[in-house]
Each structure stands twice: as C-alpha cells, then as structure tokens.
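Inside the fold
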Amino acid sequence: MNCDHAQLSLSARMDGEHLGERRDAEVDAHVEGCSACREFARGSLRVRTAVRIRPADDVPDLVEHIVGSLERASALERSGAPSGPGPRSSQRAYWRRVMPAAAAVVVGAVIGSVVVGGPFRGADPTAISAQAVVRGVRAAAPALESFRGSFEIVEQGLSPDVPERRLEMHVAFLAPQRFRLEIDDRTDYPSGAWTPTDITYIEDMPATFLSGPTGCPTSLPPDACPPTRVTRSTSSPYSLAAPLPADLVVPVGTFGSARGIHVLGIERFGDRDVARVEASFDRAAPMFPFLRLGGTWRPFFGGDRVELQLDADSWLPVRITVFPASSEARREWELRFGMPVEPPDTPILDVRATSIRPGEPDPSLFEIPGASTHALDVASLADRIGYRPVVPTFTGTLDLENAVEPPDSAGAPSSLLVYADGLDYLRIGEWPASPGARPFGPVGSDAVRVTLDSGGVGFYESPGGGLGRRLTIFTEDTSLFLETSLPRDELLTIASSMPVHGIEAMRP
Amino acid sequence: MRDADPRTLDRARRGDLLAFEALVREYQADVYRFAWHLTRDRDLAADVTQDAFLRAFRFIHGFRGDRKFGSWLFSITRNCAMDSLRARRFPLLREGEREVEGSTTDATTQAVLDAALRSISTEHRETFLLVEVFGLSYLEAADVLAVAPGTVKSRMFRARRALCTAIAEDETREDWAR
C-alpha cells in the first residue's frame, strides 16, 4: 500500500465510509509506520475541527422574501401572464379535484373523534404563522367551483327555558357567486310561543332571497315578540350589503388579513392536518353569516374567543367554537344584558361540519323567486342606462359575470358590474351623479385615503358589516364603489386600471 | 443533512404553497450557506438562494422520491450559483476575505482555513463543503454534483490534502516570521 492509497482510505473512513476489516487493518498498519500519512490524518482532523467550530455564519432570514417572490410569480400566472405549466395552475386543479374529498375525510375524522370522546390525537402542534394561513386561504378561494355541506349548530344559553338549541345548517355554493343557506331548527321548544329559527337564504349575486322569522331580543319572553311568529320572505335584485355565507366554505373574509388572528398550531386529526386558529368574535364575524339573517339567537360579546379548526389542505372550516371571554369587560357586558356569568371554558356556540357531499349542487337551488333583473353585457347595459359604465382594464383572474341595472330605489347604484372567480368576487357600483347617502356611502369615518397607481385617489375601508374590502372613488362626473373579497393590494391594482382620476374631496 | 418531512414534501409536490413555505423555512439557511461558499458574495448568495427556491417551486411537481430533497435542492443551488457567476462575470471567490468576522480566538485559524479553501479548485471545494460542512454522504454529494460516488471519494481526499498542505505552509510562514 502506498501513501496515496492509505490517505484515500483514511479520508473515506473519516467520512463514514466502510472500508472492510481487511482494508482497515492494512491502512492502520501503513499509517503506523508512515509519518506523512500520520501528518495527513492529524491535518485532516484539524481542518475538520476548524470547519466545525467556526463561528455561526450570519445567515439572513430570506423566508418572507422568497415566499413573496413565489406569490408574485403565482399572481403573474393568475393574471394570465405567459408562463409554462407552473405550479399555480396545478395548485388550482389540485384544489378543485381534491378539496371535496379532503374536506369529507376531515369531517369524517371530526365526527369520529367526537364519538370516541377526544378532539385531537397524534402529533404535537406544529408552528405555523397566521400569514401562512392567510396565504393558504387566499390560494384556495378562487379555485373553488362548487360546494355542498352540512353543519350542526349547538347554541347554549338562549334563555333559562331553552338552555340548549340544536339546528342543522345546509350550505351550497356554485360559481359564479351563487349561495344557498338553509337552517332547520331541530330544538324542542317548551311551548308554541317560540318560533323556530328556520331560515332560507339564497344569493345569486347581486340578487338575494330571504325567508325566515324576524329577530326577537332574548331578554323578552317569546310571546312578547309577535314578529317572531311571522315568517317573511323578501327578494331583492341587488342587495349589496347581504351577508355572504362564503366563510362557511372557505373563510376568505375572516382571513383577508392576519390582523387579530392567532394560530394555535397544526395538529394531526386522523391522517389529516388541521390548523387551529383563534380570533375574537368581532374579528371572526364573517364565520357567522346566519346570525345576521334573522331568527332568534343568543347575544355574543365582541371579545368572546372563537376557535376555528380548518382543514390544512382545503381550508374548509370543520369546526367553529365560541367561548366566553374571561375579561372584566365581558363581566360588565353580562350584567348589562342580564346574562348569567358564563365560564370561559364552556362553549356557547359550536358549529361543526357533519357532511360534505361530492358533486355540484343543482343550479335550480339558487333560483330566486321574483327576481326580475336580467343580466346584460356592458354594451347592452350602456344602451339602457344612457352611459357606459367605467370598467377596469385589469381584473386578474376575475371574469365579468353580471352587468345589471338595479331598480331605481334609494341607495341603489345606477349600474352594477359583478366579477367573480371561484369564491372571489368584485362588485363595482356606479352613480354618474354626485354621491349622497348610499348603502356604502358616504365613506365611513375609518376610511383611509389611498393614492392609486393611476395618479388619482380613493378611499379604502377594511372588511366589516357583512361587506368585504371597499374602495370609493369620486371623480368630476361620477362616483364608483368597489367591494371585493380580494386582498387590498389586488383591489388597488384593479382600481388603478380604471380609466378615471379620483379626486380628493367628496362632493356633498 | 436531515431530509424533508414526506407529508410536507408530498403536499408541496402537489402545488401547496404553504407546504413549500415550510420547506423554505427548513432549508433556506443551508441553501444560503452553500450559495455563499460557492459565490463568496453575500448579495449574490441571497439572490442565488431565492433563485434556487423559485426554480425548485417551479419544478417540484416533477421531483421524484428516489433521491433526497436536500440533495436535489443543493444541485439546483449549485446550478443557480454557476449561472449567476457566469452571468455576472464574477471570478469565483471574489470577496472571500471579508467573511472572517467576529472576535473568536480561532479567528486566525478560520482565516487560514478560508484562505486555504479559496486556494483549492472549485470542484474540490464544493465537494468538501457538501461532505464536511453540510454532512452529505458520498452518495448524496455524488447526486448533487452529478458525478460517481468514487469521484466524490477521490475529490475529498485531494481536497483534504490540499487544505492540509495550505495550512501547513501558512504555519511554516508564521514560524519563520516569529
């Protein structure tokens, strides 16, 4: 054995390569009598020591930068920019294909775990950022084409006579922007004075239909609330402030931003990952559209704690639980409403997915009785209303689904354009005259003045009150109102592509 | 090098951006270090790291499970580094001198080691880094470098001999200077 062979073997042995007993013995024998090879072995060890004890490299945190680049690349693909067979398209196809099945599996696991008596089993929580959940939800929203699912609602503490209520809720969605929400009240009420909270709500944006009992304050005895015995049905061809049930499918409204969202972790649920997320009741309000549709519901404190369990693949909310806040303000609120003291660890509302059905819902489910507004194209609409509505030149992946002339009534815009992609939507209302008190206006006191890329200005408002993100633009001869489920930057990009120049001052 | 969680990897392969972000978090430090060692330029290393993950995201749907994700990612990083250096016409190791930082008692040794690393060939240095610094096996390093495992073995030996020689020469100079 010569020195080259011995040192080659020594080097390999240092790196964990097995030489075999015979080769080991030959190498050891050579090294024992060879000062050059002993020096090589010593030097190699010194190099290793120097390499391994070197000061920690100053490694910059590039994660947000990289993820931001990935998102921009994805957004470019979404906007139709030329690209190869990129990940976004496969991501959308994946969601469309997998979401119903994935959600069904999770729902099955939820049901199973409830039956055996324990919520989560398996691995420890894994760290995940609220921003990551927001990104996941954002990616899922436009990819969803249809949904049919059922939930069980268990409400505690409506009144001493009705301490617990059980209701079934059925939710259906069909792109573009058609929703149906039905609530079937299964509660055994103590007397006929109580009106079950049976509700049917249909939305075929922008038209809506609502049938159900009007509300009744829970502090009053049921027979003191005659209106609750009346079921009213109303159709509206353009209800822009209607509560979208979209968050029961994918919580796109609640997770429009990471503000106020606290992620508890990702946990194993059977063979699925489930993200556990916490927010205040006010912050998670879009998760409870049924509370705003009439009927009688117990009151909730704005700071009550909402725990959400979301399937980490499809972002379907599989469980939504409300716990009383433990704050002093909550105690004062209980006193003010004559409520009993409610312990913070006992749920007061539990909404649990019970089944997800495959396949698209029947389109007839979304037909609105009496709706008479006909969808038009923009040119036909312009002929009817006498002016051409302002349209954005860029809408990303959103397609124009509806161009309507709402009936002439207080608060109605003169024209309304509805764009959609999956669960994502954008509504553009326009008034060629000066703005007055509109359903969306005047602009709220918390509106923020923003400068658009086009040079003009607009007034931006955060989601709330059943509406998504809003942007109002006043020009010399018209007023525009944009309302959307899209993130703020995408809304501003679309607004910047509109051929108008927003002026500073709102006109009276 | 620890390999990626198979579930995360599977979700990332199916286009799940969230799962891919988890991979970015796990590997970005190693990818950046490797990129820095190849380019010796902090800004360039950051660019290479970003390019590597963008390329990985673009092609991960075609990533097969018959090799380690870390090896695959390092091979992409290496290609990005080479492309970047070629595009910018930077000579290798342009800014190596400034990397020795801090005030440890081993600063001199580190400086000598860095100088020695700069003195050996690119192929020997990248092989040495993959095996000695990043802990890849010969098989994994061979996968990254697209060479036979036997080539990794011989390159490691030659890299060590060159580094030992360089350090010994430096010590001899130091002794003469005293």
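A quick note: this is a predicted structure, and the numbers were derived from the prediction, not measured.

1. Quick look at the overall build of chain A
- Summing up its helical and strand segments, chain A has nine helices and 18 strands in all.
- Relative to its full complement of 508 residues, chain A shows a buried share of 54%.
- Within chain A, contacts between residues at least 6 apart in sequence are counted, and of these 63% link residues at least 24 apart.
- Per element, the accessible surface of chain A, about 21,500 Å² overall, is 53% carbon and sulfur.

2. Notes on the pairing of strand β18 (residues 479–484) of chain A
Residue and element names in this part refer to chain A.
- The buried count for β18 comes to six of six residues, which makes it a mostly enclosed element.
- Every second residue of β18 is oriented toward a common face, with Ser 479, Phe 481 and Glu 483 on one face and Leu 480, Leu 482 and Thr 484 on the other, all of them buried.
- Both strand β14 (residues 424–431) and β18 contribute to a ladder of six bridges, which runs antiparallel. Note on β18: the bridge partner recorded for Arg 427 is Glu 483.
- Joining the antiparallel neighbours strand β17 (residues 469–474) and β18 is a turn of four residues.

3. Quick look at the environment of Ser280(A)
Residue and element names in this part refer to chain A.
- Within the secondary structure, Ser 280 is located in strand β8 (residues 272–280).
- Once the C-alpha coordinates of Ser 280 and Arg 305 are considered, the two residues, 25 residues apart in sequence, prove to be 4.9 Å apart.
- Within the local environment of Ser 280, its side chain forms a polar contact with the backbone nitrogen of Arg 283, the two atoms lying 3.1 Å apart.

4. Considering helix α1 (residues 3–14) of chain A
Residues and elements named next belong to chain A.
- Here α1 is 12 residues long and its end C-alpha atoms lie 16 Å apart, about the 16 Å a rise of 1.5 Å per residue gives.
- Along α1, the residues classified as buried are Ala 6, Gln 7, Leu 8, Ser 9, Leu 10, Ser 11, Ala 12 and Met 14.
- The distance from a side-chain oxygen at the start of α1 to the backbone nitrogen of Asp 4 is 3.2 Å, and the residue carrying that oxygen is Asn 2.
- Positive backbone phi, at 85°, marks Gly 16, one or two positions downstream of α1.

5. Some details on the sheet that holds strand β13 (residues 415–421) of chain A
All names here are of chain A.
- Reading across the sheet, the seven strands line up as β12-β13-β14-β18-β17-β16-β15 and stay open at both edges, with antiparallel pairing between neighbours. Of all the strands in the sheet, just β12 (399–404) and β15 (448–451) have a single pairing partner and so form its edges. Within the sheet, the average angular offset between the axes of one strand and its neighbour, ignoring direction, is 20°.
- One ladder, built from seven bridges, connects β13 with β14; its direction is antiparallel. Across the sheet, residue Asp 421 finds its bridge partner in β14, namely Asp 424.

Conventions and cut-offs
- Throughout, residues of each chain are indexed from 1 in the direction in which the sequence is written.
- The naming scheme follows written order: chains are lettered A onward, ligands numbered 1 onward.
- Residue-level local features of this predicted model are given only where pLDDT is at least 70; pairs of side-chain atoms are given and counted only at 80 or more, and the full residue set underlies all totals for whole chains, interfaces and linings.
- Excluding hydrogens and water, the side-chain figures rest on all heavy atoms present in the structure.
- Secondary structure counts use DSSP, requiring at least four H or I residues in a row for a helix and at least two E residues in a row for a strand, with both numbered from the N terminus.
- Exposed residues in this analysis have more than 50% of their type's maximum accessible area, buried residues have under 20%, and partly exposed residues fall in between, with area computed by a 1.4 Å probe over protein chains only.
- By definition in these notes, contact holds between two residues if any of their heavy atoms fall within 4.5 Å.
- Computed by Shrake-Rupley with a 1.4 Å probe, the accessible areas treat only the displayed protein chains as cover when residues are assessed.
- Pairing between strands is defined by DSSP: at least two bridges between them are needed.
- Two N or O atoms form a polar contact when they lie within 3.5 Å of each other; inside protein one atom must be a possible hydrogen donor and the other a possible acceptor, and for residues adjacent in sequence the pair counts only when both atoms belong to side chains.
- Expected helix span is computed as 1.5 Å times (number of residues minus one).
- Each axis is a line fitted through C-alpha atoms, taken for helices only over the stretch in contact, and angles between the N-to-C directions span 0 to 180 degrees.

Honestly, it's all geometry; don't read function into it.
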